[in-house]
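A look at the structure
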Amino acid sequence: MDADDDLPADAMSHLNRYRTLFETMDDGFCIIEFFDGPNGPLSDYIHVEANAAYERNAGIPNVVGQKLREMVPEEADGWVELYGSVLHTGKPIRFRRELVATGRHLEVSSFRVGPFEDHQVAVLFKDVTDQVRAENALNELNSSLEIRIAEALAEREEAESALRQIQKMEAVGQLSGGLAHDFNNLLAGISGAFEMIAARIAQGRSGEVDRYLAAGQGATRRAAALTHRLLAFSRRQTLTPSAVVVNRLLPDVTELVHRTVGPAIEVETVAATGLWPALVDTNQLENALLNLCINARDAMPGGGRIMIETGNRWLDERAAKEHALEPGQYVSVCVSDTGTGIDKAIIDRVFDPFFTTKPIGQGTGLGLSMVYGFARQSNGHVRIYSEVGQGTMVCIYLPRHRGEEDITVEFQLPPLTEGGAGESILVVDDEPTVRLLIVDSLSEMGYSCIEAADGPAGLKILQSDARISMMITDVGLPGGLNGRQVAEAARDLRPDLPVLFVTGYAENAVLNHGHVEPGMEVLTKPFAIDDLVRRVGRLIRPQD
C-alpha cells in the first residue's frame, strides 16, 4: 500500500494540488540536501527532488539522485558557496548565473527548507539565456554605436579643422593681398621720392626737393599707420594702459568726432553715472572710437546721428560665453548710428583684416579689425549688432578696474634745441640704418654715442668702465640676449640707468605689452626723430 493512501481525503486533495503545480510549473524547481564530502563538511549536495521543468530550464535530465560534484565538477565550488550561504544563514538570495556545463543563463531564487539540521535548500529558477543574449547584443550594438558616433565626431572635427584651415588660408591670402597692395603703393611713393630727390640734386635743382621730401615723409607716416593697425589686429601693439573713467575722455573724443564727420552728422553722448574705471590705453581707445565713428559716418551718406554711450555691465556665465569673455563686471563703450546697417550674410566677416564694403580706394578694411585687436589685447571684447536699414551698434567691453582712477601727470617735453651737454648714450641695435639714424641725430644734439650691434656686445660695454648716461636698445636682438635681458643686466650693473626701448612688432611680448619699470620708456618703430630726441631728453633729465 502507498503511504499516501493513509492520508485523509482533504489532505490528499491538497497534496495532489501541489504535486500538479510542482509538475506543471514553467520554472525549474528542486530541493537539494547538503552532505559531508571529500572536500570537507557540507561540501557537496544531492538533488532529492526536482520537477519536469528542471531539465527544460537547466538542460540536465534525470537530476534526482545526482550529486553536484559528479554533475558539474568544475563549477561545483561556486554553487556550493551560493547555496551554502542560504543553508547557514537562513536568508533567501536572488541572483543570475551561467550554468557553464549547458551554456544556460539561469535567474535563481533560493531559500532554506526547514531547520539547518535538515541541510536542505530549495531552488527555483528559469532559463533567461535568450534575454541575456538580447541584452548582450544590445550592449554590443550600443558599444558599436558609441564607436561609430565617436568616429563620426572625429570625422566631423577633422572636416571642421580642414574648413578652419581653408578659412585661415583664405584670410591669410586676403591679408597678404591687401597688405601687398597698400605697401607697394606706399613703397612706390617713398622710392620715387628718393629717386626724384637724387635727380634734382644731380641737376643742381636742390630748391625743388622739398615737395619730394614731403611726399616721402607722408608715405612713411601712412606706412607706419598701416603697420600700427595690423599690430592692433594681431594684438601686438604697444599699449600703455592706465586706470581711467572713460567718461572723462568723451568731451575730447566728441570734439574730434565733430570735426571729422562734418556738420551733416549729429553726435550725441550718453555718459553713465557712477561709471567704473577701466584699465585701458586711452590713446588707443580714442583711436578705436574715432574709427567706429568714421565707419558710422560712411554708413550715413545723407546725414544721421551718432551716439556714443558708456555703461556698467554685469555678465553672468551665459552672457559672458556669448561675448567670449570671463564672467564678471565690465565697462561698455558703444557707438551706434542710424545708417544703412550690415547684411547678416557678411556681419561675421566685418572684423577680418582688409574686408570692406566700401568702394575700391575708399577704405583699407583695417578699421574694425584694429578695434577688435585692441579690445582683445585689453582683455576685453567687441560685439556688433546691426539691422539693414536700421543702423549699427558696436560695443567695446573692457574689464572693470578694481582700484582707483590714476592721476595722470602731463610731462613737458624738453625743446629740441636743448643740447646733450656731453652725456654719453649706449645705442644697441642690429639694424645698421636704424643705428646710423639714432647716432647721427643724437650727435647733432651734443650727445656722445657708443654703438653695439647685438646684446652680448652691449653687455660687454656695460661691464666696462665707460661712462654711460642712458641706453637705447632694440627689443629683438641677435646673439642670445634680447633688449629686455640687456636692460635687466644694465640695471644690475648700473642701478637707475635710463632705458629707451625701440620696438617693432612681435618683440612687444617681451616687454609685457609696454609695462615697463620707472625710468624706462617704449618708442615704437617707425618713429620721428623729433620724438626720439625729446624722449632722450626727458629720460636723462627727468627733473629739469
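This structure is a prediction, so every number in the text was calculated from the model and none was measured.

Okay, the overall build of the protein next. If you tally the helices and strands in the protein, you get 14 helices and 17 strands. Relative to its 544 residues, the protein shows a buried fraction of 40%. Excluding contacts between residues fewer than 6 apart, the proportion of contacts in the protein whose partners are at least 24 apart in sequence is 65%.

Turning our attention to helix α11 (residues 432-444). The end-to-end C-alpha distance of α11, which contains 13 residues, comes to 18 Å, matching closely the 18 Å that a straight helix rising 1.5 Å per residue would cover. Taken residue by residue, α11 has Val-434, Arg-435, Ile-438, Val-439, Ser-441 and Leu-442 as its buried positions. Tucked into the core, α11 has its buried residues touching β13 (424-428), β14 (448-452), β15 (470-474) and α14 (529-540). Phi turns positive one or two residues past the end of α11, at Gly-446, with a value near 95°.

Let's shift gears to the nonpolar core. Note that soluble globular proteins tend to have their nonpolar side chains buried in a common cluster. If you look at the biggest cluster of nonpolar residues, it comprises 38 residues, and the most contacted ones within it are Leu-285, Ile-306 and Ile-396. Here this core gets seven residues from one element, more than from any other, and that element is helix α8 (residues 282-298). Once you skip the residues sitting within four places of it in the chain, Leu-285 turns out to touch Val-246, Leu-249, Val-280, Phe-374, Ile-396 and Leu-398.

Where strand β1 (residues 28-37) and strand β5 (residues 120-127) come together, six bridges link them in antiparallel fashion. Looking at the pairing, Ile-31 lines up with Ala-122 of β5. Note that β1 and strand β2 (residues 40-50) share seven bridges and pair antiparallel. Note on β2: the bridge partner recorded for Cys-30 is Ala-50. Connecting β1 to the antiparallel partner β2 that follows it, the hairpin turn spans two residues.

What follows deals with unusual backbone geometry. Although it is not a glycine, Leu-42 sits at a positive phi angle of roughly 50°. Tracing the backbone shows Leu-42 in strand β2. A positive phi angle, near 60°, is found at His-119, a position not held by glycine. Within the secondary structure, His-119 sits in the loop between β4 (104-113) and β5.

Attention shifts here to the state of the cysteines. Scanning all chains against the criterion turns up one disulfide. One disulfide bridge connects Cys-334 with Cys-395, the sulfur atoms lying 2.1 Å from each other. Measuring the twist about the S-S bond at about 110°, one finds the Cys-334-Cys-395 disulfide to be right-handed. Of this pair, Cys-334 sits in strand β10 (residues 328-337) while Cys-395 sits in strand β12 (residues 391-399), placing them 61 residues apart in sequence.

Before going further, it helps to spend a moment on the confidence of the model for the protein. Summarising the model, the protein shows a mean pLDDT of 79, and 78% of its residues fall at 70 or more. Within the model, pLDDT remains below 50 along residues 358-366, and this stretch shows 17 contacts once partners closer than five positions in the same chain are excluded. Counting contacts from residues 506-510, a segment whose pLDDT is below 50, to residues more than four positions away or on other chains yields 13 contacts.

This part covers the sheet that holds β10. Either a parallel or an antiparallel arrangement is found when strands of a sheet pair, and the pairing is made through backbone hydrogen bonds. Ordered by their spatial adjacency, five strands build an open sheet running β7-β9-β10-β12-β11, and the pairing between neighbours is mixed. Among the strands making up the open sheet, the edge pair consists of β7 (265-270) and β11 (381-387). Sheet twist, expressed as the average angle between the axes of neighbouring strands with direction ignored, equals 20°. Here strand β9 (residues 304-315) pairs with β10 via 10 bridges, running antiparallel. Bridging from a neighbouring strand, Thr-310 pairs with Val-333 of β10. Sheet strands in contact with helix α7 (residues 250-261) are β7 and β9, and its direction is about 170° off that of β7. Against the sheet, α8 contacts β7, β9, β10 and β12, and its axis sits at roughly 170° relative to β12.

Relative orientation of the contacting elements α7 and α8 amounts to 35°, with a least axis distance of 10 Å. Read as a crossing pair, α7 and α8 show a hand that is right-handed. Residues Val-253, Leu-256, Val-257, Thr-260 and Val-261 of α7 touch α8, and the partners they reach there are Glu-286, Leu-289, Leu-290, Cys-293, Ile-294 and Arg-297. The class makeup of the residues in the contact of α7 with α8 is eight nonpolar, one polar and two charged.

Looking now at the pairing of β13. Of all five residues that make up β13, five are buried, and the element is covered over most of its length. Going residue by residue along β13, you find Ser-424, Leu-426 and Val-428 tucked away on one face and Ile-425 and Val-427 tucked away on the opposite face as well. Where β13 meets β14, five bridges bridge the pair, whose relative direction is parallel. Residue pairing in the sheet places Ser-424 in a bridge with Ser-448 of β14. Handedness of the β13-α11-β14 crossover: right-handed. Where β13 and β15 come together, four bridges link them in parallel fashion. The residue bridging Val-427 from the neighbouring strand is Ile-472, located in β15.

This brings us to empty space enclosed by the protein. Per the stated rule, a full pass over the model turns up two cavities of 30 Å³ or more. The calculated volume of the largest cavity comes to roughly 150 Å³. Lining the largest cavity we find 16 residues, and of these Tyr-45, His-47, Tyr-54, Trp-79 and Tyr-83 sit closest to its centre. Listing elements by their share of the lining of the largest cavity, those giving two or more residues are β1, β2, α2 (53-58), α3 (68-71), α4 (76-89) and β5.

It is worth spelling out helix α12 (residues 455-462) at this point. Three or more residues of α12 are buried, namely Gly-455, Gly-458, Leu-459, Ile-461 and Leu-462. One face of α12 carries all of its buried residues, which in axial projection span an arc of 160°. Elements that come into contact with the buried residues of α12 comprise β13, β14, β15 and α13 (483-493). Two to three positions downstream of the cap, the backbone nitrogen of Ala-457 sits 2.9 Å from a side-chain oxygen, assigning the N-cap of α12 to Asp-454.

What follows covers the sheet that holds β5. Across the sheet, five strands lie side by side as β2-β1-β5-β4-β3; this open sheet has antiparallel pairing. Both outer strands of the open sheet, β2 and β3 (93-99), are each paired with one neighbouring strand and no more. The mean inter-strand angle of the sheet, taken between neighbouring strand axes irrespective of direction, is 35°. Relative to β5, β4 runs antiparallel, the two being bridged by eight bridges. Paired with Ser-109 across the strands is Leu-124, a residue of β5. Sitting on the sheet, α4 is in contact with β1, β2, β3, β4 and β5, with an inclination near 165° to β3.

Basis of the calculations
- Residues numbered from 1 in each chain as written.
- Predicted model: local features only at pLDDT ≥ 70, side-chain atom pairs only at ≥ 80, totals over all residues.
- Heavy atoms only, no water.
- Helix = DSSP H or I, 4+ residues; strand = E, 2+ residues; numbered from the N terminus.
- Buried < 20%, exposed > 50% of the residue type's maximum accessible area, 1.4 Å probe, protein only.
- Contact = heavy atoms within 4.5 Å.
- Expected span 1.5 Å × (residues − 1).
- Core = buried A, V, L, I, M, F, W, Y, C linked by side-chain atoms within 4.5 Å.
- Pairing = 2+ DSSP bridges.
- Disulfide = S-S within 2.5 Å.
- pLDDT = per-residue confidence, 0-100.
- Axes fitted to C-alpha atoms, helices over the stretch in contact; angles between N-to-C directions.
- Left-handed = near helix turned anticlockwise from the far one by under 90°.
- Nonpolar A, V, L, I, M, F, W, Y, C, P; charged D, E, K, R; others polar.
- Right-handed = clockwise from strand over helix to strand, strands pointing away.
- 1 Å grid on protein atoms, 1.4 Å probe; cavity = no way out; pocket = protein on both sides within 12 Å on 5 of 7 lines; lining within 4 Å.
- Points joined across faces, edges and corners; volume = space filled by probe spheres on them.
- Arc of directions from axis to C-beta.
- Polar contact = N/O pair within 3.5 Å; in protein donor to acceptor, adjacent residues only side chain to side chain.

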